[in-house]
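# Understanding the architecture of this molecule
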Amino acid sequence: ALASWLKAQGGLTIDATAEGNTIEEMISTLAGDASLSLTEGELAGIDVPASIADAASGGRQGWTATAGSTRLSELQGSFRLRDGIANSEDLKAKVAGVNISAAGDIDLLRRAIDVRLANEEKQASVAIRAFGPWRNPKLAADTGVRPAAEQPVDGGSLEKAAGTAADLPKNT
């Protein structure tokens, strides 16, 4: 399944174009717009509030796992698709009773993310940055300053974090 970790009701709207002879070529040329609005669901195996708290208190590698699931009351936002990268500046979610905002990039070809998440409930909360492969990203407090090695250069930091199309598993 494309998103076996996410179960919810709602909709996804995509207005996009792509060219190519393979799935990888088509994803790498994907361009357009998308939006989603989901309600009453769950995130299986991921504890989002604990992941944010763990990252804010010193960073970690990977999402904080849970044997069960995290309740997702709502998730909505829009994306601009360009060269297979989905950028959003307006993601909003209510997860386990906590309002979270998110903004950043999702590299669909390399299966990588570079997203800033913030707990909207706390006045002095520390935002976190999740970056690298989407299954096992680095989570760290977001100071707003990136080390030079992570600055986007000719293709962006996602490329450096996730590798190339040759690194992708086949038939997934």
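Because the structure is a prediction, the values reported are computed rather than measured.

## Focus: the pairing of strand 8 (residues 128-133)
- By the criterion of burial, strand 8 is predominantly enclosed, with five of the six residues buried.
- Where strand 7 (residues 112-119) and strand 8 come together, six bridges link them in antiparallel fashion. By the bridge assignment, Val115 is partnered in strand 8 with Ala130.
- Strand direction decides the pairing type here: strand 8 and strand 9 (residues 138-141), joined by four bridges, are antiparallel. Looking at the pairing, Ile128 lines up with Ala141 of strand 9.
- Linking strand 8 to strand 9, which pair antiparallel, is a turn of four residues.

## Things to note about the packing of aromatic side chains
- With the rule as written, the count across this model stands at zero aromatic pairs.
- One cation-aromatic arrangement involves Arg129 over Phe131; the distance from NZ or CZ to the ring centre is 3.9 Å.

## Concerning the confidence of the model for the chain
- Taken residue by residue, the chain gives an average pLDDT of 79. The fraction at 70 or more is 77%.
- Averaged over each element, pLDDT in the chain is lowest for helix 3 (residues 157-162) (44) and highest for helix 1 (residues 23-29) (96).
- Here residues 147-172 is a poorly scored stretch, pLDDT under 50, and it has 38 contacts once near neighbours within four places are set aside; other chains count.

## A word on the side chain of Ser88
- With respect to the secondary-structure elements, Ser88 resides in strand 5 (residues 85-95).
- Under the relative-accessibility criterion, Ser88 is labelled buried at 1%.
- In terms of polar contacts, Ser88 uses its side chain to reach the side chain of Asp90, at 3.2 Å.
- Setting aside its immediate chain neighbours within four residues, Ser88 contacts Ser78, Phe79, Ala103 and Gly104.

## Thoughts on the pattern of salt bridges
- The final tally for this structure, using the stated rule, is four salt bridges.
- Close ionic contact of Glu40 with Arg71 constitutes a salt bridge, the shortest N to O distance being 3.0 Å. Remark: Arg71 occurs in strand 4 (residues 65-82) and Glu40 occurs in strand 2 (residues 31-46); sequence separation between them is 31 residues.
- Residue Glu40 is classed as partly exposed on the basis of its relative accessible area of 45%.
- Since its relative accessible area comes to 48%, Arg71 is described here as partly exposed.
- Residues Arg110 and Asp107 are paired through a salt bridge, measuring 2.9 Å at the closest nitrogen-oxygen approach.
- Since its relative accessible area comes to 18%, Arg110 is described here as buried.

Procedures and definitions
Here the residue numbering is sequential within each chain, running from 1 through the sequence in written order. Given that the model is predicted, a residue must reach a pLDDT of at least 70 before its local features are reported, and side-chain atom pairs must reach 80 or more before they are shown or counted; all residues, however, enter totals for whole chains, interfaces and linings. With hydrogens and water set aside, each side-chain value is computed from the structure's full complement of heavy atoms. To sort residues, take the accessible area from a 1.4 Å probe on protein chains only and compare it with the maximum for the residue type: under 20% means buried, over 50% means exposed, and anything in between is partly exposed. Secondary structure elements follow DSSP: runs of H or I no shorter than four residues count as helices, runs of E no shorter than two count as strands, and numbering proceeds from the N terminus. Only strands that DSSP links by at least two bridges are regarded as paired with each other. Centre distance within 6.5 Å is the pairing criterion for rings of Phe, Tyr and Trp, where only the six-membered ring of Trp is used; planes under 30 degrees apart are then read as stacked, over 60 as edge-to-face, and the remainder as tilted. A ring is considered to have a charge above it if a Lys NZ or an Arg CZ atom is located within 6 Å of its centre and within 35 degrees of its normal. Note on scores: pLDDT gives the predictor's confidence for each residue, bounded by 0 and 100. Working rule for contacts: check all heavy atoms of both residues, and any pair within 4.5 Å makes them a contact. In protein, a polar contact requires one atom able to donate a hydrogen and another able to accept it; more generally it is a pair of N or O atoms within 3.5 Å, and residues adjacent in sequence count only if both atoms are side-chain atoms. Any Lys or Arg side-chain nitrogen located within 4 Å of an Asp or Glu carboxyl oxygen qualifies as a salt bridge.

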